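Chain and residue survey
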Amino acid sequence: MAELKHKDKGDAGYDFFASHFDNNKTYSCVKATLDQDRYKGFDAILINAETQKVIANIDVKNTQDAFFLIIDPLK
């Protein structure tokens with residue numbers, strides 16, 4: 001696993017996460033709006049590049065550990 005190079009607050013964690021999708025032809029990562037971040041609690045949106053369908057809303061954490069939690073409020 002790659003070590004996080006950013007230790008700053010703010011967008012550094014998002015920038016590091018999004019950089020993994022720079023050359024990905026299957027998925028793209030889009031930064032969430034300020035309202036989505038503040039009121040819905042996610043920082044990024046993972047999108048299928050071909051269909052433009054939202055795959056997941058991502059809350060990026062700037063940490064050395066990996067955490068996975070899937071919450072679907074519609075189910």
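So, here is what we can say about the structure in this document. Only a predicted model underlies this, so the values are computations on that prediction, with no experimental measurement involved.

Concerning the pairing of strand S2 (residues 44–48)
Across the five residues that make up S2, a large majority, five, are buried. Of the two faces of S2, the one carrying Ala44, Leu46 and Asn48 and the one carrying Ile45 and Ile47 are both buried. Here strand S1 (residues 27–31) runs beside S2; their pairing, made up of five bridges, is antiparallel. By the bridge assignment, Tyr27 is partnered in S2 with Asn48. Of the strand pairs in this sheet, S2 and strand S3 (residues 54–58) are connected by four bridges, and their pairing is antiparallel. Each residue of the ladder has a partner; that of Ile47, found in S3, is Val54.

The rules behind the values
Residues numbered from 1 in each chain as written. Predicted model: local features only at pLDDT ≥ 70, side-chain atom pairs only at ≥ 80, totals over all residues. Heavy atoms only, no water. Buried < 20%, exposed > 50% of the residue type's maximum accessible area, 1.4 Å probe, protein only. Helix = DSSP H or I, 4+ residues; strand = E, 2+ residues; numbered from the N terminus. Pairing = 2+ DSSP bridges.

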